[in-house]
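Here are the chains, one letter per residue:
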Amino acid sequence: MTDSAFPPWEPPLAGTEVEHLLGALDRQRWTLRWKADGLDVEGLNFRVGVSTLTLGGLLMHLAGVERSLATVRLDGSPIGEPWASADWDADPDWDFTWAESQEPTVLYDMYDGAVAFARDRITVAIAEGGLDQRVALGAPEFHVSLRRVLFDVLEEYARHTGHADLLREAVDGLVGEDPPEDWRPRS
């Protein structure tokens, strides 16, 4: 059986460093998207206890992480809207707050678009310069590699995918490590 016989979120069984790193990141992306899929405004804004985390907020936050990865962190280009004009000083949790007033399709589209954009930009960057290339995130006096930035994003996803597990189970009881093999995003 080849790796292509597995669902798209399954990392390769035996691949290169790049394939494993990007496969692990994609697994987190798919899992987060599955945990947030198919919910209405109430489900995306559901909170547990005193926490302000919501699945909608996580979608928007991670959409911003993806946009930042593919722009500011990668080559210093502008992150784009709506993040660029957000008043982060007035509301450091702007991405979570903004998500509360959005329709599900807006949040799903923001997230899906940001992931596709980042996936394309990172694929090109790796093809042109590999994982060891210097990225814009670092100050001139020290080297920050694309590898390091991708691992940071993978870590961010791992943390928030765990949050999404708990939130989704509290919303409607959905549990599981991976999406069903035939699952694909609804929007």
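Residues numbered from 1 in each chain as written. Predicted model: local features only at pLDDT ≥ 70, side-chain atom pairs only at ≥ 80, totals over all residues. Heavy atoms only, no water.

Engineer: Can you walk me through the side chain of T54 in this structure?
Structural biologist: Within the fold, T54 resides in the loop between helix 2 (41-44) and helix 3 (55-75). Since its relative accessible area comes to 2%, T54 is described here as buried. Here G57 takes part through its backbone nitrogen, which lies 2.8 Å from a polar atom of the side chain of T54. Setting aside its immediate chain neighbours within four residues, T54 contacts L44, N45, F46, R47 and L167. (Helix = DSSP H or I, 4+ residues; strand = E, 2+ residues; numbered from the N terminus. Buried < 20%, exposed > 50% of the residue type's maximum accessible area, 1.4 Å probe, protein only. Polar contact = N/O pair within 3.5 Å; in protein donor to acceptor, adjacent residues only side chain to side chain. Contact = heavy atoms within 4.5 Å.)

Engineer: Got a minute to help me understand helix 5 (residues 104-129) in this structure?
Structural biologist: Because each turn of an α-helix spans 3.6 residues, side chains separated by three or four positions in sequence point in the same direction. End to end, helix 5 covers 37 Å across 26 residues, agreeing with the expected 38 Å (1.5 Å per residue, within 8%). Those residues of helix 5 lying buried are P104, L107, Y108, Y111, A114, V115, A118, I122, A125 and I126. G130 lies just past helix 5 and shows a positive phi near 75°. (Expected span 1.5 Å × (residues − 1).)

Engineer: Would you explain the packing of aromatic side chains in this entry?
Structural biologist: The geometry of two aromatic rings is summed up by the distance between their centres and the angle between their planes. Under the counting rule described, the total for this entry stands at three aromatic pairs. Among the aromatic residues, ring-to-ring pairing joins W88, W94 and W98 into one connected group. (Phe/Tyr/Trp six-rings, centres within 6.5 Å; stacked < 30°, edge-to-face > 60°.)

Engineer: What is the right way to read unusual backbone geometry from this model?
Structural biologist: Residue P82 is reached from E81 by a cis peptide bond, and omega for that bond is 5°. Counting through the fold element by element, P82 comes out in the loop between helix 3 and helix 4 (94-99).

Engineer: Even after reading the chapter, I still don't get the packing of helix 1 (residues 17-36) against helix 5, so can you show me in this structure?
Structural biologist: Packed helix pairs are characterised by how far apart their axes lie and by the angle those axes make with each other. The N-to-C vectors of helix 1 and helix 5 enclose an angle of 175°; their axes lie 12 Å apart at closest approach. Accordingly, the angle class assigned to the pair helix 1 and helix 5 is roughly antiparallel. Each of V18, L22, D26, R29, W30, L32, R33 and A36 in helix 1 lies in contact with helix 5, whose residues at this interface are Y108, Y111, D112, V115, A118, R119, I122 and I126. Residues belonging to the contact of helix 1 with helix 5 are distributed by class as follows: 11 nonpolar, no polar and five charged. (Axes fitted to C-alpha atoms, helices over the stretch in contact; angles between N-to-C directions. Parallel < 35°, antiparallel > 145°, perpendicular 65-115°, else oblique. Nonpolar A, V, L, I, M, F, W, Y, C, P; charged D, E, K, R; others polar.)

Engineer: It is not clear to me how the packing of helix 1 against helix 6 (residues 146-172) should be interpreted in this structure. Could you clarify?
Structural biologist: Remark: helix 1 packs on helix 6, axes separated minimally by 9 Å, with the N-to-C direction vectors making an angle of 25°. As the angle between them shows, helix 1 and helix 6 are arranged roughly parallel. Relative to helix 6, helix 1 is oriented so that their crossing is left-handed. Facing E17, L21, L22, A24, L25, Q28, R29, T31, L32, W34, K35 and A36 of helix 1, the residues of helix 6 in contact are R147, L150, F151, V153, L154, Y157, A158, H160, T161, A164, D165 and R168. (Left-handed = near helix turned anticlockwise from the far one by under 90°.)

Engineer: Hey, could you run me through the nonpolar core in this one?
Structural biologist: Nonpolar side chains in soluble globular proteins generally cluster together in the buried interior. With 43 residues, the main nonpolar core has L44, L55, L59, Y111, L146, L150 and Y157 as its most contacted residues. Counting only elements with at least two residues in this core, the list comes to helix 1, helix 3, helix 4, helix 5 and helix 6. Sort the elements by how many residues they give to this core and helix 3 lands first, with 10 residues. (Core = buried A, V, L, I, M, F, W, Y, C linked by side-chain atoms within 4.5 Å.)

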